[in-house]
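Per-entry structural report
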Protein chains: 2
Amino acid sequence: MNHSTLSHKVVGTGAHESAPRIGVIGGGQLARMMQEAAIALGIRLDCLVEASDGSAGQVIVDSSVGAADDVEAVTEIAHRCDVMTVEHEHVPDELLTALEIYCPVYPSAQSLQYAQDKLLMRKKMDEISMPNPRFFHVKSLEDVEDALQELGGTGVAKTPRDGYDGKGVRIIESANDVHEWLEKAENGLLLEEKVPFVMEVSQLVARRPSGEIRSWPLVQSIQQDGVCFQTIAPAPVDNVLIDQARFIGEKIAHELEVVGVLAVEMFCVEDDEGDTSFIINELAMRPHNTGHWTIDGARTSQFEQHLRAVLDLPLGQTDMNCDVSVMVNVLGSELEDPRQVYSHVMKLCPEAKIHMYGKAVKPGRKLGHVTVCSDSVEHAHTLAQQAASILRGETKEG
Amino acid sequence: MNHSTLSHKVVGTGAHESAPRIGVIGGGQLARMMQEAAIALGIRLDCLVEASDGSAGQVIVDSSVGAADDVEAVTEIAHRCDVMTVEHEHVPDELLTALEIYCPVYPSAQSLQYAQDKLLMRKKMDEISMPNPRFFHVKSLEDVEDALQELGGTGVAKTPRDGYDGKGVRIIESANDVHEWLEKAENGLLLEEKVPFVMEVSQLVARRPSGEIRSWPLVQSIQQDGVCFQTIAPAPVDNVLIDQARFIGEKIAHELEVVGVLAVEMFCVEDDEGDTSFIINELAMRPHNTGHWTIDGARTSQFEQHLRAVLDLPLGQTDMNCDVSVMVNVLGSELEDPRQVYSHVMKLCPEAKIHMYGKAVKPGRKLGHVTVCSDSVEHAHTLAQQAASILRGETKEG
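Cut-offs and rules
- Residues numbered from 1 in each chain as written.
- Chains lettered and ligands numbered in written order.
- Predicted model: local features only at pLDDT ≥ 70, side-chain atom pairs only at ≥ 80, totals over all residues.
- Heavy atoms only, no water.
- Salt bridge = Lys/Arg side-chain N within 4 Å of Asp/Glu carboxyl O.
- Helix = DSSP H or I, 4+ residues; strand = E, 2+ residues; numbered from the N terminus.
- Buried < 20%, exposed > 50% of the residue type's maximum accessible area, 1.4 Å probe, protein only.
- Pairing = 2+ DSSP bridges.
- Axes fitted to C-alpha atoms, helices over the stretch in contact; angles between N-to-C directions.
- Contact = heavy atoms within 4.5 Å.
- Buried area = accessible area lost by both parts, 1.4 Å probe.
- Right-handed = clockwise from strand over helix to strand, strands pointing away.
- Domains from an automatic or database assignment.
- Least-squares fit on C-alpha atoms with pLDDT ≥ 70 in both.

This next bit is on the pattern of salt bridges. Opposite charge on two side chains makes pairing possible when the charged atoms of those side chains draw close. The full count for this structure, using the stated rule, is 45 salt bridges over all chains. Where Asp46(A) meets Arg21(A), a salt bridge forms, and the shortest distance between an N and an O atom there is 2.8 Å. One end of the pair, Asp46(A), is in strand β2 (residues 44–49); the other, Arg21(A), is in strand β1 (residues 21–25), and 25 residues separate them in sequence. Residue classification places Arg21(A) among the buried positions, given a relative accessible area of 13%. By sharing partners, the salt bridges in this structure join Arg21(B), Arg44(B), Asp46(B), Asp62(B), Glu76(B) and Arg80(B) into a single network.

Next up, the structure:
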C-alpha cells in the first residue's frame, strides 16, 4: 500500500498542516464545487483564482490571485502541494510540464493535449479506433473548398485550440465563412462532417494513476447555442448502447492515461437500417457540466471522485441514488441576483436542489444549476425547468 | 411573499456582497458542515471561531477569532449579517438577546433556554404534556435522599446547565455521589428516574419562523459512554411509534417556537403489557450528531435545512434516498492522522461516505463520521463499523 501522495509534504504536526493538499489552477464554479467535496474529506484546496471574491475565492481559504499562465504564482502553489490539477484546459503545456518537478500534475500535459487540441484528439481517436466523424485538416481556402465538396457542401469548422461552450465552432457552407480564422490560424483548422445526430450524450468516467476506472451512468445532454443546457441521467437508450458508451469512455481514459474526471461528449447517430451508434464530439479532462447531476443523484459526485483520483485514492461508487436525475443550467438571469427569489423557487419546487456559483449576473453566464431527482423523467424535467426558469427571472412570482 | 431576510443588508452590488449572510457562533464541525451546504446555495457564512485553523476556520473565508461570550466580536458579526445562529448552546442568554437589535437570532434566547437548562426543559415538557421521566428538583442532600427513595434507590443526577456528551450526568445511589455538585450548584440539581429503555431514538425536525415544520425519519441512536456512537435510519420500530415520535418532535418545535434544526432524543420504553412508548431524554436546537446521516442519506441534509430555516426559506424534502443509512462516529484514533489510511478504508469499504472534520487527534474526540447507505441494515452496519474502525487505527492494514 502506497501512502506517498498523502504524506510526502506534511509540513507540520497540526491537523490542518497534515491535510492532503491539492493545488487547483482556475477559480470558477468547478473549484467551488470541488471545495464542497474537499471539506467533507478533510482535504485542503490551494487555489489560484482570478479574483479573491470570485466563485472559488469566496469559499476557499487558501486562494491566491493570479492568471493561469502566471508561472511564479502557479509554481509557488505547486511547491507546497501534494498534487496539482486544473479546472480548465487553458493552461500552457510548458507550465504544466515544468510543475512536475514539484509534484504530480493531473491530468498530465501529455494527456491534456488531447483536450486542448481538437486536431490532435481526432488523430488520436483514429489511432485507437474510436469513432470519429469524417474530418479534414485544412490549411487554405482551397483545402476548405475541397473538403466541403467531399462533405456534400456543409461542414463544421473548428479552431483546434481555445474553443469552449460553442466558441471556435462554426457551421459553414463556403470557405469564405472561415476566411479570417484561417488567416489567424498557425496550424490550420479542423473541418468535420456535420453529424445528423438523434441525441447528444456524455459519458463520464474517472481514472486514477494506478489504473482504476469508474464510470457513471450515461447521460443525455441537451445543448442550446453550443452550451450544455440540460442533462438527463440515465440517458434513454438501450443497454447495448449503454455498454458501448461505457467501453468508449473507459478505453479513452485508459489509452490517454487520463487522471481525474474525463467527459466524452458524443453524438448518437442512426444509420439507414435504424441501427444506432456513437460518434465522438469532444473530450474534457476535468469535472464537467454534464456531470453536475452527480452531486445530488449519484453515490459519489464527480467532484469527490476527481479529488480521489488525483490523490490516487480508490474511487467511489458511481451508481445513482434515484431512478432519474435531471439537471438544468441557470444561464443568465433577468434578476439582479437570483437568490432574491429563493423563497419562490423553494416553495414551488421543493424537490429542486439549487446550486448557485456566487457569480454576478451577465447575459448567458452560467450562474448555477438545478437538479431534480425523481422516479419520473417528466416530473423531474418539469420541476427542474420551472426552478431554473424562476431563477432566470422568466417566471413572474405568483 | 417576503424577501426581507434575504435583502435587508445588501451592502454592495457584487455577487458576493449581495449573498445572504449568516453569522455562526462556534467554529467546530457543525459550522464546517454548514459551509458545505452554504457553498451550494451561494450563502455566505460569517463565523466566530476559536482558532483560525480549526475545523470551521479552515474552510470558512469569513472567520474571525473569538470566544462565544466575546460581546464585541459577536456584535461585530451581527452588525453585518442578515441572521445569526449558533453551533452549540453555550452562548450567554443576555448576549443572544442583545444581538436581536442587529438581526434576528435563531434559535432565539427564549427558545434556546430549554436546550440550555434541563430543569426548565422538564417543566416545559410537563406543561405541554410531553412525556417526561419522573423527575425532582433537588437542592439539598435531604432532597436527594428523599427523591432516591421515591425512585427505588437509583436515579440519574444532572446539572441543569452546561452538560453535553455525557458530562454533567451521573447515575447515583446515594446523595454523597453528588455532594460536590450540590455545593457548586446555584439552583440545585435535576434528579431523574433511570429509564429502563429498550432503544434510544432521535427525532430530527426543522422549523422556520413562519411556522413550516419538516421532520426526517426517526433514527435509532446507539450511545457509548454518553456519546452518540452510531445511528440507524430509519429506526426499526413500527409505524404507530414513527407517527408518535414525529408528533412529539413537531409539537415541541411548535410550542417552543424553535427556528432551525431541533433534535429530540428519546428513550423507547416497554410497559408490562409489552406496549412501547417514548420518554424524552434531551433537546438540542442545532444540527445534531444523530442527523449527520442526512448529508448522504436524505434529499435535504440537516445542514442545508438549518440554513433554509434560519433564513425563513421554504424547507427541503426530508425523505431518504436509500433504504437504510448507518452512521458511525470516528471517536479518537490510534493514528497520527486518520487521513493516512484513506487508501485502505476506501478500498475495503467503497460504499463508505467519509467525513473528517480537520481536527487533531485526541483520545475520544469526535474526529469525523462515516455513513453507509444500503438496502440492508446488516451490510450498512458492518461496512460503516469497519470503515470507522480503520480510521480509528484499530484494524491493521491488510
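Read on for the rest.
All names here are of chain B. An order of β3-β2-β1-β4 is seen for the four strands of this open sheet, with the pairing classed as parallel. Looking at strand neighbours, the two that pair on one side only are β3 (63–65) and β4 (83–86), the edges of this open sheet. Pairs of neighbouring strands in the sheet enclose a mean axial angle of 20°, with direction left out of account. Judged from the four bridges that link them, strand β1 (residues 21–25) and β4 form a sheet pairing that is parallel. Within β4, the residue paired with Gly23 across the bridge is Met84. On the sheet, helix α3 (residues 71–80) packs against β1, β2 (44–49), β3 and β4 and is oriented at approximately 175° with respect to β2.

At the interface, 56 residues of chain B touch 56 residues of chain A. Across the chain B to chain A interface the summed buried area is about 4,800 Å²; carbon plus sulfur atoms make up 54%. In terms of surface lost to chain A, no three residues of chain B exceed Ile39(B), Arg299(B) and Arg339(B), which account for 14% of the buried area on that side. Taken together, chain B and chain A are joined by two salt bridges. Across the salt bridge formed by Glu304(B) and Lys353(A), the nearest N and O atoms sit 2.8 Å from each other. Looking at the side of chain B that touches chain A, the elements with two or more residues in it are α2 (29–41), α11 (302–310), α12 (342–348) and β16 (353–356) of chain B.

All names here are of chain A. Counting buried positions over the six residues of β2 gives six, a clear majority of the element. Burial of β2 is two-sided: the residues Arg44, Asp46 and Leu48 facing one way and the residues Leu45, Cys47 and Val49 facing the other way are all buried. Of the strand pairs in this sheet, β1 and β2 are connected by five bridges, and their pairing is parallel. Looking across to β2, one finds that Arg21 is bridged to Arg44. Read as a crossover between parallel neighbours, the route from β1 over helix α2 (residues 29–41) to β2 is right-handed. Bridge count between β2 and strand β3 (residues 63–65): three bridges; the pairing is parallel. Looking at the pairing, Cys47 lines up with Ser63 of β3.

A separate point is the domain arrangement of chain A. Parsing chain A into structural domains produces domain 1 (3–105), domain 2 (134–193) and domain 3 (199–391). Between domain 2 of chain A and domain 3 of chain A, the C-alpha centre-to-centre distance is 29 Å.

With an RMSD of 0.0 Å, the operation that places chain B on chain A is a rotation of 180° combined with a shift of 0.0 Å along the axis. Each copy turns onto its partner about a two-fold axis.

Moving on, we come to the pairing of strand β9 (residues 197–207) of chain A. All names here are of chain A. Burial analysis of β9 places nine of its eleven residues in the buried class, the great majority of the element. The sheet contact formed by β9 and strand β13 (residues 260–270) spans ten bridges and is antiparallel. Across the sheet, Phe197 pairs through a bridge with Val269, a residue of β13. Direction of pairing for β9 relative to strand β11 (residues 219–224): antiparallel, over a ladder of two bridges. Bridging across to β11, Ser202 finds its partner in Val219. In this sheet, strand β10 (residues 213–215) lies alongside β9 in antiparallel orientation, the contact comprising three bridges. For Arg207, the partnering residue across the bridge sits in β10 and is Ile213. Where β9 folds back onto β10 in an antiparallel hairpin, the turn is made up of five residues, including Gly211, whose phi is positive at roughly 110°.

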